[in-house]
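Residue strings, one per chain:
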Amino acid sequence: MQPSQSEETRRFWEKVVKGETPGACWVWVGAIGADGYGRFWVKDPNTEAGEKMWRAHRYAAALTFGSDEVEAAEMVTHLCDNPLCVRAEATAGSHLFLGDHAANMRERAARGRDNLHGLAFLRRSRAERAADSRALRELTLAHGYDQDAVDRLGRGMVMEGQTQLF
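Residues numbered from 1 in each chain as written. Predicted model: local features only at pLDDT ≥ 70, side-chain atom pairs only at ≥ 80, totals over all residues. Heavy atoms only, no water.

Q: Describe the packing of helix H6 (residues 126-143) against helix H7 (residues 147-154), listing the residues and the values that go with them.
A: Angle between the axes and distance between the axes: these two values describe a pair of packed helices. At a minimum axis distance of 9 Å, the contact between H6 and H7 shows a crossing angle of 165°. As far as their axial angle goes, H7 and H6 are roughly antiparallel. Here the hand of the crossing between H6 and H7 comes out left-handed. Residue-level contacts link Asp132, Ala135, Leu136 and Leu139 of H6 to Ala149, Val150, Arg152, Leu153 and Gly154 of H7. Residue composition of the contact of H6 with H7, grouped by class: six nonpolar, one polar and two charged. (Axes fitted to C-alpha atoms, helices over the stretch in contact; angles between N-to-C directions. Helix = DSSP H or I, 4+ residues; strand = E, 2+ residues; numbered from the N terminus. Parallel < 35°, antiparallel > 145°, perpendicular 65-115°, else oblique. Left-handed = near helix turned anticlockwise from the far one by under 90°. Contact = heavy atoms within 4.5 Å. Nonpolar A, V, L, I, M, F, W, Y, C, P; charged D, E, K, R; others polar.)

Here you go:
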């Protein structure tokens, strides 16, 4: 079912804070699940509950690429490693891409996400990653977009005790 370009879409984008720089993430500030990814509910008369829950990044991808393509793809993957990012664009600037597990692993290896940083991120529990997502949402709601917070909480790119080299 294709997301409608209506009140639903407007409601979705009201829950997004876009960074101003060309490569910035678009941070979801709505509901967050136990896995740290955004949640967005839409009306769906074809379900028993009358609504369907989308992961926010999958909904953004469906708006951009089409829901048939999103359904056909095994995954909607973040190039930015930020589970709250919903920057789906039909250009090279998109932070989201459609693919399968193998494509995700190739992309991960190409960016070195299996190095020390990647291992540190993977060692964090699901609850810790979800707490980071909620902290990023709260900081963004309270203070607006902050690239340092996106890097530290959203992407997990700054480890405790890490200092600048230069």
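Q: Help me get a handle on the sheet that holds strand E4 (residues 38-43), residues and values and all.
A: Hydrogen bonds between backbone atoms are what pair the strands of a sheet, whose relative direction is either parallel or antiparallel. Taking strand neighbours across the sheet as the criterion, the three strands line up as E3-E4-E5 in an open arrangement whose pairing is antiparallel. Either end of the sheet is taken by a strand with one partner, and the two such strands are strand E3 (31-32) and strand E5 (51-55). Docked against the sheet, helix H2 (residues 56-65) engages E4 and E5, running at close to 95° with respect to E5. (Pairing = 2+ DSSP bridges.)

Q: Kindly report on the nonpolar core, identifying the contributing residues and their values.
A: Formed by 29 residues in total, the largest nonpolar core has its most connected members in Phe12, Val27, Trp28, Tyr59, Val86 and Leu136. If you list the elements that add at least two residues to this core, you get strand E2 (26-28), E4, H2 and H7. Other than its neighbours up to four places away in sequence, phenylalanine 12 contacts Trp28, Phe40, Ala56, Tyr59, Ala60, Leu63 and Val86. (Core = buried A, V, L, I, M, F, W, Y, C linked by side-chain atoms within 4.5 Å. Buried < 20%, exposed > 50% of the residue type's maximum accessible area, 1.4 Å probe, protein only.)

By themselves, these observations are geometric and do not establish any function.
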